[in-house]
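Chain by chain, the residues run as shown.
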Amino acid sequence: MDPAYIVDGVLTDGEAWVGIATTTLGSATTSVTFTSTDDGQVGDFSQYIDLVLICYGQSKWTGGTGCTLRVHMNGVETGDKYPTQYLSGNGSTATASADATADWFDAAEWPSDTDGATKRGSAVVHFFDINSGKYKSMLSQYAGDRDGSGYVGLNACTYKDQAAITSVTIKIRRGAAGLNIADGSTFSLFGILPRMVA
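Every chain is numbered independently, its residues counted from 1 as its sequence is written. Reporting of local features is limited, given that this is a predicted model, to residues whose pLDDT is at least 70; pairs of side-chain atoms are given and counted only at 80 or more, and all residues count toward the totals for whole chains, interfaces and linings. Water and hydrogen atoms were dropped before computing side-chain values, which therefore reflect all heavy atoms in the structure.

Asker: What should I look at first to understand the environment of Gly 26 in this one?
Answerer: The secondary structure listing takes helices from DSSP runs of H or I that are at least 4 residues long and strands from runs of E that are at least 2 residues long, numbered from the N terminus. Position of Gly 26 relative to the elements: it lies in the loop between strand 3 (17-24) and strand 4 (31-35). Only protein chains enter the calculation, and the probe is 1.4 Å; a residue is then buried if its accessible area is under 20% of its type maximum, exposed if over 50%, and partly exposed in between. When its relative accessible area of 75% is taken as the criterion, Gly 26 is described as exposed. Taking C-alpha positions, Gly 26 is 16 Å from Leu 179, a pair spaced 153 residues apart along the chain.

Shown next, in the form of structure tokens:
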């Protein structure tokens with residue numbers, strides 16, 4: 001079956017955003033991965049200029065706050081490949097920091113069970129020029145609820161690899177510890193198409 005932007009074999013100028021995949025967790029899990037289908041259909045990352053990941057949920061951690069939503073590309077989690085700059089605020093303080101040796105992109109601060117069973121976070125993560133032969137840029141905007149001490153932030157990262165992005169994996173961590181993503185969390189991946197017609 002052809003993608004929606006191909007009608008009778010002709011490219012049409014349809015919607016710029018194409019829904020690739022979405023998942024809502026029925027139980028807590030350690031990670032979620034979206035992988036290119038590499039078949040010329042909607043799930044094939046090679047046709048898109050950018051990707052956008054929309055996240056909503058919580059981590060399973062009852063021992064404290066300070067969890068992060070972590071993203072890595074193509075299964076790469078080592079080698080200092082994700083230098084990142086962080087900006088965040090909670091209504092009373094603003095902070096800025098950087099990590100030049102990160103092994104993954106900490107895309108968002110993320111609520112945990114400690115923050116309350118109904119407290120959720122959201123993040124929109126943009127992956128730019130995913131098929132270019134250069135290092136890739138990523139930008140995330142996020143927010144989370146903590147009953148009066150909620151937070152917002154903006155993180156920017158360079159993925160230091162020239163290979164095209166063919167998979168995106170989401171995990172939760174606290175310090176060096178990996179945590180489960182809570183049931184009910186939702187992740188949706190969109191592909192951004194180039195202009196199809198003149």
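Asker: Quick question: what am I supposed to make of the nonpolar core here?
Answerer: Grouped together as the largest cluster of nonpolar side chains are 39 residues, with contacts concentrated most on Leu 51, Leu 53, Leu 69, Tyr 82, Phe 127 and Phe 187. Residues count as neighbours in contact if any of their non-hydrogen atoms are within 4.5 Å of one another. Leu 69 has contacts with Cys 55, Phe 105, Asp 106, Ala 107, Ala 108, Trp 110, Ala 123, Ile 170, Lys 171, Ile 172 and Phe 187, leaving out every residue within four places of it along the chain. Throughout this description, the term nonpolar core refers to a set of buried Ala, Val, Leu, Ile, Met, Phe, Trp, Tyr and Cys residues connected via side-chain atoms within 4.5 Å.

Asker: I would appreciate a short explanation of the side chain of Ser 185 in the present structure.
Answerer: In this fold, Ser 185 is placed in the loop between strand 15 (177-181) and strand 16 (186-192). According to the relative accessible area criterion, Ser 185 is buried, its value standing at 1%. In this view, Ser 185 contacts Thr 23, Thr 24, Leu 25, Tyr 56, Gly 57 and Gln 58; residues no more than four positions away in its chain are not counted.

Asker: What is the right way to read the sheet that holds strand 9 (residues 94-99) from this model?
Answerer: Strand pairing in a sheet relies on backbone hydrogen bonds. The paired strands run either parallel or antiparallel. Only strands that DSSP links by at least two bridges are regarded as paired with each other. Reading across from one edge, 3-16-5-11-12-13-8-9 is the order of the eight strands in this open sheet, with antiparallel pairing throughout. Each edge of the sheet is formed by a strand with only one pairing partner; in this case those strands are strand 3 and strand 9. Here the strands of the sheet are splayed against their neighbours by 10° on average, with no regard to which way each runs. Pairing of strand 8 (residues 84-89) with strand 9, which is carried by six bridges, proceeds in the antiparallel orientation. The partner of Leu 87 across the bridge, within strand 9, is Ala 96. Axes here mean lines fitted to C-alpha atoms, for a helix over just the part in contact, with angles spanning 0 to 180 degrees between N-to-C directions.

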